[in-house]
Amino acid sequence: MDRFFWVTEDRDVAKRYSGDLNANHPWGLPGIKTCPGCGQTWSNAGHEYPCVDLNALPERASFEEPRAEPFHEFARLREQVRPWAPPGASLPPGTKFGPLMGTATGRFAPFVWLGDALMLMTREAFEHMQAQGVRGLLGCKAMLRFRQQSPQELMELQVVPQGRLHRDCLPDDLPPPCTTCGRIGLSRPESPLLDAASLPTSVDLFRVGNFATMIIATDRFRDAVLTRGLEGIIFRELPTR
């Protein structure tokens, strides 16, 4: 039976490394300002597509400045970018595109985190995972300016939302998604439970579709990490139902 693990940063390991990273994606969908359906102003996290290049999009400048827009303008911009996005991508407000760009200093652990839910790997670690047969691992080189000579090459992983949290771990009084903007007013449950029937069977790393800041790994991914003793990541097994 397959086992699934919630992966997070090992902050104790990160403290032993000197690496410091300051970077952002070049493009993104705006947030929504006062949705006409639910009245909320909001933006999402956990939807990043670093391998999507919008340089050929005529209106790419409209995606460069983080901001909130009325729903109709957000919807128009979402349709502009949809042909460049992976098929079936939900593209909520705040979705980011393009490789990380910025500055970096020092030395990094094999797994590198920017915030709580954006995961990168060194090139060496990424190639090891590929050699171990980890399925569906898609990475894009982060465009970073290092101050020192012989810098590490960092790869941002494009981890697509798939699968869902099981209804049994969500509040009984959770309202349905907004019929206009799709917002779900959900906080992460204390004891997450994965919906077994919804989980992908062809990739070894994915985000939870209805809580995209949670990154989930399979046994195969975990074994590849442990085989090499790669640092910077913690595995917490989650039950399924």
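Residues numbered from 1 in each chain as written. Predicted model: local features only at pLDDT ≥ 70, side-chain atom pairs only at ≥ 80, totals over all residues. Heavy atoms only, no water.

1. Here's the deal with the pattern of salt bridges
Item 1. Within the structure shown, the criterion is met by 15 salt bridges.
Item 2. A salt bridge links Asp116 to Arg11; the shortest N-O distance between them is 2.8 Å. With a gap of 105 residues between them, Asp116 in the loop between strand E9 (111-114) and strand E10 (118-122) and Arg11 in helix H1 (residues 11-14) connect regions that are remote in the sequence.
Item 3. Take Asp116: its relative accessible area is 59%, and that puts it in the exposed class.
Item 4. You can call Arg11 exposed: its relative accessible area is 51%. (Salt bridge = Lys/Arg side-chain N within 4 Å of Asp/Glu carboxyl O. Helix = DSSP H or I, 4+ residues; strand = E, 2+ residues; numbered from the N terminus. Buried < 20%, exposed > 50% of the residue type's maximum accessible area, 1.4 Å probe, protein only.)

2. Re the pairing of strand E2 (residues 20-24)
Item 1. Here E2 shows one buried face, formed by Leu21 and Ala23, and one open face, formed by Asp20, Asn22 and Asn24.
Item 2. Direction of pairing for E2 relative to strand E8 (residues 101-105): antiparallel, over a ladder of 5 bridges. Counted as the bridge partner of Asn22 is Thr103 from E8. (Pairing = 2+ DSSP bridges.)

3. Side note on the sheet that holds E2
Item 1. Taken together, the 3 strands give an open sheet; going across it, the order is E2-E8-E12, and neighbouring strands pair in mixed fashion. Sheet topology places E2 and strand E12 (143-146) at the edges, where each strand pairs with a single neighbour. Pairs of neighbouring strands in the sheet enclose a mean axial angle of 20°, with direction left out of account. (Axes fitted to C-alpha atoms, helices over the stretch in contact; angles between N-to-C directions.)

So, to be careful, I would describe these as geometric facts and stop short of saying anything about function.
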